[in-house]
Amino acid sequence: PAPPPDEQSLIATFLDRETAQIDTLISNQQQLIALLQEKRYAIISHSVTKGINPSAPMKDSGIGWLGKIPRHWKITQLRHVGSALIGLTYDPAEVVEEGDGILVLRSSNVQGGRIVFEDNVYVRKEIPKDLVTQFGDILICSRNGSRALIGKNARIDRSSSGLTFGAFMTVFRSLASNFLYYVFNSDLFEFQSGAFLTSTINQLTIGTLKSIKVPVPPTDEQDAIVAFLDQECANLDVLLEKTARAIALLLERRAILISAAVTG
């Protein structure tokens, strides 16, 4: 459609004004998402290092960057609370179609702290028992071309158990996996794992993972912290989802408005 120049000018002025208002709303929603994600991270980090009882007696952890922890907690390396397993190596000739083999979980299957079944790869070969995913395992991206993706992780649930995982992934298996999942999503884990990355090697090795020091509360307190964080994170996830949906609707409104204006 080619309206007269004066009408083109009116339409452009109208769209400049209306889209600017929508863009401001979108920017505000994006800032809200960033704040919600920051709050989620802060709640997790505080809970797994200080606990959820504000009146608990504290002690010096002996680790400068960690500071004080509850007096009855202990500090230990991950090697003493679980096992770390490197994923499956397979040949391209062993890759098959869906239904002909077993799904290999890779970095692309870990999105937003959850296991998603997109961009799937299946292989047909004998899978060692240890490399079959179990409910409660923590699946970690341990090697990737992007440094920012090193350490991203998700808990294995019922739908993702009984599968396997690729060589660039690591599974951490522990009786304390529910608590450790939140440790792996705190600044405690990010600080220690990031300290071993270099400009040339984007890899979280088994040795590095096992040597990471974590504060460990008694089992009943772990359960209480996990229950608290499950609820807090669920509430924040609802807000994040609503905000993301609002952005999608604003983008849709923007596109519809432009299309309507330039077609009369």
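Conventions and cut-offs
- Residues numbered from 1 in each chain as written.
- Predicted model: local features only at pLDDT ≥ 70, side-chain atom pairs only at ≥ 80, totals over all residues.
- Heavy atoms only, no water.
- Helix = DSSP H or I, 4+ residues; strand = E, 2+ residues; numbered from the N terminus.
- Rg over C-alpha atoms; globule rule 2.2 N^0.38 Å.
- Contact = heavy atoms within 4.5 Å.
- Lys, Arg positive; Asp, Glu negative; His and termini not counted.
- Charge placed at Lys NZ, Arg CZ, Asp CG, Glu CD.
- Expected span 1.5 Å × (residues − 1).
- Polar contact = N/O pair within 3.5 Å; in protein donor to acceptor, adjacent residues only side chain to side chain.
- Phe/Tyr/Trp six-rings, centres within 6.5 Å; stacked < 30°, edge-to-face > 60°.
- Buried < 20%, exposed > 50% of the residue type's maximum accessible area, 1.4 Å probe, protein only.
- Pairing = 2+ DSSP bridges.
- Salt bridge = Lys/Arg side-chain N within 4 Å of Asp/Glu carboxyl O.
- Axes fitted to C-alpha atoms, helices over the stretch in contact; angles between N-to-C directions.
- Parallel < 35°, antiparallel > 145°, perpendicular 65-115°, else oblique.
- Nonpolar A, V, L, I, M, F, W, Y, C, P; charged D, E, K, R; others polar.

Details of the overall build of the protein chain
Alright, step 1. When helices and strands are tallied, the protein chain shows 5 helices and 14 strands.
Alright, step 2. The C-alpha radius of gyration computed for the protein chain amounts to 24 Å, which surpasses the reference 18 Å derived for 264 residues by more than 25%, pointing to a less compact arrangement than a globule.
Alright, step 3. Seen along its three principal axes, the alpha-carbon backbone of the protein chain occupies a region of about 75 × 60 × 35 Å.
Alright, step 4. Long-range pairs, those at least 24 residues apart, make up 75% of the contacts in the protein chain with a sequence separation of at least 6.
Alright, step 5. Here the protein chain contributes 26 positive and 28 negative side-chain charges, whose respective centroids are spaced 9 Å apart.

With respect to helix H5 (residues 219-262)
Alright, step 1. Over its 44 residues, H5 extends 63 Å from the first C-alpha to the last, a length consistent with the 64 Å expected when each residue adds 1.5 Å.
Alright, step 2. Where H5 ends, the next residue or the one after it, glycine 264, has phi of about 95°, a positive value.

Quick word on the side chain of serine 174
Alright, step 1. With respect to the secondary-structure elements, serine 174 resides in the loop between strand E13 (169-173) and helix H2 (177-183).
Alright, step 2. Separated by 2.5 Å, the side chain of serine 174 and the backbone oxygen of valine 81 make a polar contact.
Alright, step 3. Dropping the residues within four chain positions of it, serine 174 is found in contact with Val81, Gly82 and Leu180.

Digging into the packing of aromatic side chains
Alright, step 1. Under the definition given, this model contains 4 aromatic pairs.
Alright, step 2. Ring centres 5.7 Å apart and planes at 80° place the aromatic pair phenylalanine 172 and phenylalanine 184 in the edge-to-face group. Taken together, the positions of phenylalanine 172 in strand E13 and phenylalanine 184 in the loop between H2 and helix H3 (187-194) put the pair 12 residues apart, joining distant regions of the chain.
Alright, step 3. For phenylalanine 172, a relative accessible area of 0% translates into the label buried.
Alright, step 4. Looking at phenylalanine 184, the relative accessible area reads 3%, which means it is buried.

Quick word on the pairing of strand E10 (residues 138-141)
Alright, step 1. Side-chain alternation along E10 places Ile138 and Ile140 on one buried face and Leu139 and Cys141 on a second face that is also buried.
Alright, step 2. Relative to strand E11 (residues 153-155), E10 runs antiparallel, the two sharing 3 bridges. Across the sheet, residue isoleucine 138 finds its bridge partner in E11, namely arginine 155.
Alright, step 3. Relative to E13, E10 runs antiparallel, the two sharing 4 bridges. Of the residues in E13, the one forming a bridge with isoleucine 138 is phenylalanine 172.

Regarding the pattern of salt bridges
Alright, step 1. Per the stated rule, a full pass over the model turns up 9 salt bridges.
Alright, step 2. Here glutamate 18 and arginine 17 are joined by a salt bridge, their closest N and O atoms 3.5 Å apart.
Alright, step 3. When the shortest N-O distance is used, the salt bridge between glutamate 94 and lysine 125 registers 3.7 Å. Placement of the pair is glutamate 94 in the loop between strand E4 (83-86) and strand E5 (95-96) and lysine 125 in the loop between strand E9 (121-123) and E10, with a sequence separation of 31 residues.

Section: the sheet that holds E4
Alright, step 1. Strand order in this open sheet of 4 strands is E4-E13-E10-E11, and the pairing throughout is antiparallel. Looking at the sheet topology across the chains shown, the edges are occupied by E4 and E11. Strand-to-strand twist of the sheet, defined as the mean angle between neighbouring strand axes without regard to direction, takes the value 20°.

Considerations on the packing of helix H1 (residues 5-50) against H5
Alright, step 1. Relative orientation of the contacting elements H1 and H5 amounts to 170°, with a least axis distance of 10 Å. One element, H1, and the other, H5, form an angle in the roughly antiparallel class.
Alright, step 2. Within the contact of H1 with H5, the residues separate by chemical class into 28 nonpolar, 6 polar and 8 charged.

What about the sheet that holds strand E6 (residues 102-105)?
Alright, step 1. The strand order across the open sheet formed by 4 strands is E5-E9-E6-E12, and the pairing between neighbours is mixed. Whereas interior strands pair on both sides, the edge strands pair on one side only; in this sheet they are E5 and strand E12 (164-165).
Alright, step 2. Direction of pairing for E6 relative to E9: antiparallel, over a ladder of 3 bridges. Residue pairing across strands places valine 104 opposite valine 121, the latter belonging to E9.

Focus on unusual backbone geometry
Negative phi values dominate among residues other than glycine, just as trans dominates among peptide bonds.
Alright, step 1. One non-glycine residue, aspartate 119, lies in the positive phi region at around 50°.
Alright, step 2. A relative accessible area of 55% places aspartate 119 in the exposed class.

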